[in-house]
Amino acid sequence: RPHHRASSPKTWKKKYKSIHITSNTCDIFKLIKKSRLTVFNYDSAGLLELLALNIPVVCFWRGDSLLPESKIYYKLLKDSGIVFDCFEKVANHINKHWEDIDSWWYSSAVQHARSKFCNQHSRVIKSPIETFKKLLLKK
């Protein structure tokens, strides 16, 4: 019998019968708009995008493959309940806030952590081409 990690789709479907797991062929942003909360089980560009767009998201993964200079910013996310290293902790967090995700997400602590993290790792720039041009021409 094959072993399934706690984050495999089969494990999630078995444990939570009503969960909807999508493939990578769907329009993810349509799904996100319909969702109260998005959960990632790995560090990804998707997490960075949702943080930058200020869309409620949590993430969990095991391991510590962060660059030393990034650890302080990820600690902000951990301390505010956005990033977790344990499935049970993220599940408890979601259950605790499920009825009012917005109160948690838009709290000053979460928004402060998100903002500080995004300023370092996931900035939204209004004129990216112009900004890139300035960086290239900078001596």
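Scroll up for the structure.
These figures come from a predicted structure and were not determined experimentally. Here, residues in each chain are numbered from 1, in the same order as that chain's written sequence. The predicted origin of the model limits local features to residues at a pLDDT of at least 70 and limits the giving and counting of side-chain atom pairs to 80 or more, whereas totals for whole chains, interfaces and linings rest on all residues. Excluded from the side-chain calculation are hydrogens and water; included are all heavy atoms of the structure.

Student: Would you explain the overall build of the protein chain in this entry?
Tutor: Per the secondary structure count, the protein chain includes 8 helices and 3 strands. Strands are runs of DSSP state E lasting at least 2 residues, helices are runs of H or I lasting at least 4, and numbering of each runs from the N terminus. Along the chain direction, N to C, the helices and strands of the protein chain fall in the order α-α-β-α-β-α-β-α-α-α-α. Residues counted as buried form 32% of the 139 residues belonging to the protein chain. Put simply, 51% of the contacts in the protein chain that link residues at least 6 apart link residues at least 24 apart. Calculation of accessible area relied on Shrake-Rupley with a 1.4 Å probe; when residues are assessed, cover is drawn exclusively from the protein chains displayed. Of the accessible surface of the protein chain, which amounts to about 10,300 Å², a share of 56% is contributed by carbon and sulfur atoms. Accessible area is worked out with a 1.4 Å probe on protein chains only. A residue is then buried under 20% of its type maximum, exposed over 50%, and partly exposed in between. The criterion used for residue contact is that any of the two residues' heavy atoms lie within 4.5 Å.

Student: Please clarify how the packing of aromatic side chains should be interpreted in this entry.
Tutor: Aromatic ring pairs are defined here through the distance separating the ring centres and the angle between the ring planes. Classification of ring pairs uses Phe, Tyr and Trp, with its six-membered ring standing for Trp, and accepts pairs whose centres are within 6.5 Å; under 30 degrees between planes counts as stacked, over 60 as edge-to-face, and the remaining range as tilted. For the structure shown, the criterion picks out 5 aromatic pairs. On the numbers, 6.3 Å between centres and 85 degrees between planes, the contact of Phe40 with Tyr42 is edge-to-face. Grouped by ring-pair contacts, the aromatic residues Trp61, Tyr74 and Phe117 constitute a single cluster.

Student: Is there a simple way to explain the sheet that holds strand 3 (residues 83-84) in this structure?
Tutor: To summarise the sheet geometry, strands pair through backbone hydrogen bonds and adopt either a parallel or an antiparallel arrangement. The strand order across the open sheet formed by 3 strands is 1-2-3, and the pairing between neighbours is parallel. For this open sheet the edge positions go to strand 1 (38-40) and strand 3, each flanked by a neighbour on one side alone. We treat two strands as partners when DSSP finds at least two bridges between them.

Student: Whenever I open this one, helix 3 (residues 45-52) confuses me. Can you help?
Tutor: It helps to recall that an α-helix has 3.6 residues per turn; residues three or four apart then point in one direction. All of the buried residues in helix 3 are Gly46, Leu47, Leu50 and Leu51. Burial along helix 3 is one-sided: seen end-on, the buried residues are contained in an arc of 135 degrees. Buried positions along helix 3 lie against helix 2 (28-34), strand 1, strand 2 (57-60), helix 4 (71-79), helix 6 (101-105) and helix 7 (108-121). With a side-chain oxygen lying 3.2 Å from the backbone nitrogen of Gly46, the N-terminal cap of helix 3 falls on Ser44. Positioned one or two residues after helix 3, Asn54 has a phi angle of 60 degrees, which is positive. Think of it as the arc spanned by the lines of direction from the helix axis to the C-beta atoms. Any N or O atom pair separated by 3.5 Å or less is treated as a polar contact, with the protein-specific requirement of one donor-capable and one acceptor-capable atom, and with residues adjacent in sequence counted only for side-chain atom pairs.

Student: Explanation requested: the nonpolar core in the structure shown.
Tutor: Nonpolar side chains tend to gather and get buried jointly when the protein is soluble and globular. The definition of a nonpolar core used throughout is a set of buried Ala, Val, Leu, Ile, Met, Phe, Trp, Tyr and Cys residues joined through side-chain atoms within 4.5 Å. Counting 26 residues, the largest nonpolar core has Leu51, Val57, Val58, Leu77, Ile82, Trp104 and Trp105 as its most contacted members. Every element with two or more residues in this core is listed here: helix 3, strand 2, helix 4, strand 3, helix 5 (87-97), helix 6 and helix 7. With residues up to four places along the chain from it excluded, the contact list for Leu77 reads Leu51, Ile82, Val83, Ala113, Arg114 and Phe117.

Student: Is there a simple way to think about unusual backbone geometry in this case?
Tutor: If a residue is not glycine, its phi is most likely negative; likewise, a peptide bond is most likely trans. Its identity as a non-glycine residue notwithstanding, Asn54 has a phi of 60 degrees, on the positive side. Mapped onto the elements of the fold, Asn54 is located in the loop between helix 3 and strand 2.

Student: Looking at this model, I keep getting lost on helix 7. Mind explaining?
Tutor: Multiplying one less than the number of residues by 1.5 Å gives the expected span of a helix. Given a rise of 1.5 Å per residue, 14 residues ought to cover 20 Å, and the 20 Å separating the end C-alpha atoms of helix 7 matches this to within 8%. Residues of helix 7 that are buried include every one of Val110, Gln111, Ala113, Arg114, Phe117 and Cys118, and no others. Projected onto a plane normal to the axis of helix 7, the buried residues spread over an arc of 160 degrees and lie on a single side.

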